[in-house]
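Here is how the chains run, residue by residue.
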Amino acid sequence: MPSLTTAMTDPNKMIINLVLFGMTQSGKNSAGNILLGSNDFHSSFAPCSVTKDYSLGHSCHLHSFMHRGGHEATLQVQVLDTPGYPHSHLSKKHVKKQVKKALAHHFGQDGLHLTLLVQRADMPLCGREASSPIQMIHELLGHAWTNYTAILFTHAEKREESGLNEEEYIQKASDILLTLVNSIHRRCVFQYKKESSLNEQRILILERIMEFIKENCYQVLTFK
């Protein structure tokens, strides 16, 4: 079972460990690439699940990204991408076994700072199938999952086009999504498809993620 610990890091540098969950074609790979500022994860449109195995990506060092102890600190991001679930080819048992192995291998000692549930803003979260990634997060992270999970909404430009602000969007969401948002302490971040400002968007998303991590006092979930 996962356990809680406080990450002990160099005060001049911090590495944050993130894992992505989500349904097929939710935009996980694209979101992972924005977080990393690279193209580590293959991203394409397909009528079936694209990711069939887990993959760990590393960002470059973001110098002077944050302040710790009164000093400027460098940030590096590690993102674990996982197969979408429900998967068009893989069973739940197979996907869960893969992800459990990956969490223990990559974050077993250093720990996981945050799980990002990737959800399309233009697709309603409803029905049993839509709840499958949530259930898997719960099963893998245990009772503390609500404290270590946030929603990353992709295709958020569709929300803008509808004329809704972020709070209005959440209030008009399905009961399943609204219940989820409240259970994870309203930790949400929106990703917009604006090619000309990807780096600026990346910084804004990472700043929001760092707020969530600070709320947890930099504690991490470790896996053994």
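Each chain has its residues counted from 1, following the order in which its sequence is written. Owing to the predicted nature of the model, reporting of local features is limited to residues with pLDDT of at least 70; listing and counting of side-chain atom pairs is limited to 80 or more, with chain, interface and lining totals taken over all residues. By convention in this description, side-chain values take in all heavy atoms of the structure and omit both hydrogens and water.

Asker: Would you mind showing me how to read the side chain of T154 here?
Answerer: Of note, T154 is situated in strand β7 (residues 149-154). Accessible area is worked out with a 1.4 Å probe on protein chains only. A residue is then buried under 20% of its type maximum, exposed over 50%, and partly exposed in between. By relative accessible area, which is 2% here, T154 ends up buried. The criterion used for residue contact is that any of the two residues' heavy atoms lie within 4.5 Å. The residues contacting T154, other than those within four sequence positions of it, are S26, G27, A31, V118, Q119, R120, A121 and Q191. Secondary structure elements follow DSSP: runs of H or I no shorter than four residues count as helices, runs of E no shorter than two count as strands, and numbering proceeds from the N terminus.

Asker: Just to check I follow, could you spell out the pairing of strand β6 (residues 114-120) for this structure?
Answerer: The two faces of a sheet get side chains in turn, since along a regular strand they alternate between them. Buried residues dominate β6, accounting for 6 of its 7 residues. A pair of strands is labelled paired if DSSP reports no fewer than 2 bridges between them. Strand direction decides the pairing type here: strand β2 (residues 13-22) and β6, joined by 5 bridges, are parallel. Looking across to β6, one finds that G22 is bridged to V118. The pairing of β6 with β7 spans 6 bridges and is classified as parallel. By the bridge assignment, R120 is partnered in β7 with T154.

Asker: For this particular structure, what's the right way to read the nonpolar core?
Answerer: Considering soluble globular proteins, one finds that nonpolar side chains tend to be buried as a cluster. Buried residues of nine kinds, namely Ala, Val, Leu, Ile, Met, Phe, Trp, Tyr and Cys, make up a nonpolar core once their side-chain atoms join them within 4.5 Å. Counting 37 residues, the largest nonpolar core has F21, L103, I151, F153, L177 and L180 as its most contacted members. Contributions of two or more residues to this core are made by β2, α2 (92-107), α4 (132-141), β7, α6 (166-171), α7 (175-183) and β8 (188-190). In contact with L180, not counting residues within four places along its chain, are L117, L125, I134, W145 and I151. Core analysis: the next-biggest nonpolar cluster, separate from the first, contains 29 residues, F41, A73, L152 and I213 among them.

Asker: It is not clear to me how unusual backbone geometry should be interpreted in this structure. Could you clarify?
Answerer: Residues apart from glycine generally show negative phi values, whereas peptide bonds are mostly found in trans. Despite not being glycine, Q25 shows a phi value in the positive range, around 65°. Locating Q25 in the fold gives a position in the loop between β2 and α1 (28-36). Backbone geometry at Y218 places phi at a positive 65°, although glycine is not the residue there. Within the secondary structure layout, Y218 lies in the loop between α8 (198-215) and β9 (219-222). Y218 gets classed as buried once you look at its relative accessible area, which sits at 18%.

Asker: Mind showing me how you'd approach α7 here?
Answerer: Structurally, the α-helix is built with 3.6 residues per turn, so residues lying three or four positions apart point the same way. Among the residues making up α7, those that are buried are L177, L180 and V181. One side of α7 holds all its buried residues, which, seen down the axis, span an arc of 100°. What points out from α7, more than 90 degrees from its buried face, is the exposed set D175 and T179. Against β6, α4, β7, α6 and β8 lie the buried residues of α7. Looking one or two residues past α7, H185 carries a phi angle of roughly 65°, positive in sign. Comment: arc refers to directions from the helix axis out to C-beta atoms.

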